[in-house]
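Descriptive analysis of the structure
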Amino acid sequence: MVMVAGAAQASFTLLLATDSINNRVTRYDGDTGANLGSFGQLQASGPYWGITANRTTKKAYVSQTTGRVLMFDYNTGEYSGNFETGQQWGSLTLGSTGNIIASSYLNSQIKVFNAAGTLLSTLAPSGYDGVSGAVEIGGNYYFIGYHLATSNYHFVRTSSTGT
């Protein structure tokens, strides 16, 4: 599975893609498609899954299927730490204030962390067996909710309090 996040660097667009088979992040020039190398292979304790990037801090946040998020400088590939989300098989996005938003298909929660990995809040939208792809816009969270009994997906908006 490959997840892609964009980040700006110099005069071109830098694309980052996770490789869950080889447990690495590969950098690509978004204009030419040229492979600019990879990083993260030595930090793997579970397959890489989701990825998001913060252009201001030049950090890439990579989720593993185990619930751990690894932090790297996306220019140098230098590892700078990790934190636990408790969100197995989760997706990551960057909120409007630089917070990291982790959502999980398995436990139907959205967790918000600051850039250092400190948990700020947990939302548990009711009525869904799984949530994925949560994003924050203007204090509201939007996500895909899944109903197991009906096999239906819904695009859902909820407030920062989960209502």
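Quantities reported herein were computed from a predicted structural model and do not represent experimental measurements. (Residues numbered from 1 in each chain as written. Predicted model: local features only at pLDDT ≥ 70, side-chain atom pairs only at ≥ 80, totals over all residues. Heavy atoms only, no water.)

This paragraph deals with the pairing of strand β8 (residues 79–84). Here strand β7 (residues 68–73) pairs with β8 via five bridges, running antiparallel. Counted as the bridge partner of R68 is E84 from β8. Where β7 folds back onto β8 in an antiparallel hairpin, the turn is made up of five residues, including G77, whose phi is positive at roughly 80 degrees. (Pairing = 2+ DSSP bridges. Helix = DSSP H or I, 4+ residues; strand = E, 2+ residues; numbered from the N terminus.)

Turning our eyes to something else, we now look at the pairing of strand β13 (residues 130–137). Summarising the sheet, β13 and strand β14 (residues 140–147) pair through six bridges and their orientation is antiparallel. The residue of β14 that forms the bridge with G130 is Y146. Here β13 hands over to β14 after two residues, with G138 in that stretch at a positive phi of 60 degrees.

This paragraph deals with empty space enclosed by the protein. One pass over the full model with this rule turns up one cavity of 30 Å³ or more. Roughly 30 Å³ of volume is contained in the largest cavity. Forming the walls of the largest cavity are S63, Q64, G67, R68, V69, T85, Q87, G90, L92 and A102. Secondary-structure elements contributing two or more residues to the lining of the largest cavity are β6 (59–64), β7 and β9 (90–94). Of the residues belonging to the lining of the largest cavity, the class tally is three nonpolar, six polar and one charged. (1 Å grid on protein atoms, 1.4 Å probe; cavity = no way out; pocket = protein on both sides within 12 Å on 5 of 7 lines; lining within 4 Å. Points joined across faces, edges and corners; volume = space filled by probe spheres on them. Nonpolar A, V, L, I, M, F, W, Y, C, P; charged D, E, K, R; others polar.)

Moving on, we get to the packing of aromatic side chains. All told, the structure shown has five aromatic pairs when counted by the stated rule. Members of the aromatic cluster, joined through ring pairs, are F39, F72 and Y79. (Phe/Tyr/Trp six-rings, centres within 6.5 Å; stacked < 30°, edge-to-face > 60°.)

So, on to the sheet that holds β13. In a beta sheet, neighbouring strands are held together by backbone hydrogen bonds and run either parallel or antiparallel to one another. An order of β13-β14-β15 is seen for the three strands of this open sheet, with the pairing classed as antiparallel. For this open sheet the edge positions go to β13 and β15 (152–159), each flanked by a neighbour on one side alone. Sheet twist, expressed as the mean angle between neighbouring strand axes with direction ignored, is 20 degrees. Of the strand pairs in this sheet, β14 and β15 are connected by eight bridges, and their pairing is antiparallel. Among the inter-strand pairings, Y142 is bridged to a residue of β15, identified as R157. (Axes fitted to C-alpha atoms, helices over the stretch in contact; angles between N-to-C directions.)

It is worth spelling out the side chain of R27 at this point. Tracing the chain through its elements places R27 in strand β3 (residues 24–29). An unpaired buried charge is present at R27: no salt bridge exists, and D73, the closest side chain of opposite charge, is 6.2 Å distant. A distance of 3.0 Å separates the side chain of R27 from the backbone oxygen of Y74, its partner in a polar contact. (Buried < 20%, exposed > 50% of the residue type's maximum accessible area, 1.4 Å probe, protein only. Lys, Arg positive; Asp, Glu negative; His and termini not counted. Salt bridge = Lys/Arg side-chain N within 4 Å of Asp/Glu carboxyl O. Polar contact = N/O pair within 3.5 Å; in protein donor to acceptor, adjacent residues only side chain to side chain.)

Bringing the sheet that holds strand β10 (residues 100–104) into the picture now. Taken together, four strands build an open sheet; the order of strands is β9-β10-β11-β12 and the sheet is antiparallel. Strands at the two margins of the open sheet, each flanked by one partner only, are β9 and β12 (119–123). Taken pair by pair, the neighbouring strands of this sheet meet at an average axis angle of 20 degrees, ignoring direction. Judged from the five bridges that link them, β9 and β10 form a sheet pairing that is antiparallel. Directly across from L92, in β10, lies its bridge partner A102.

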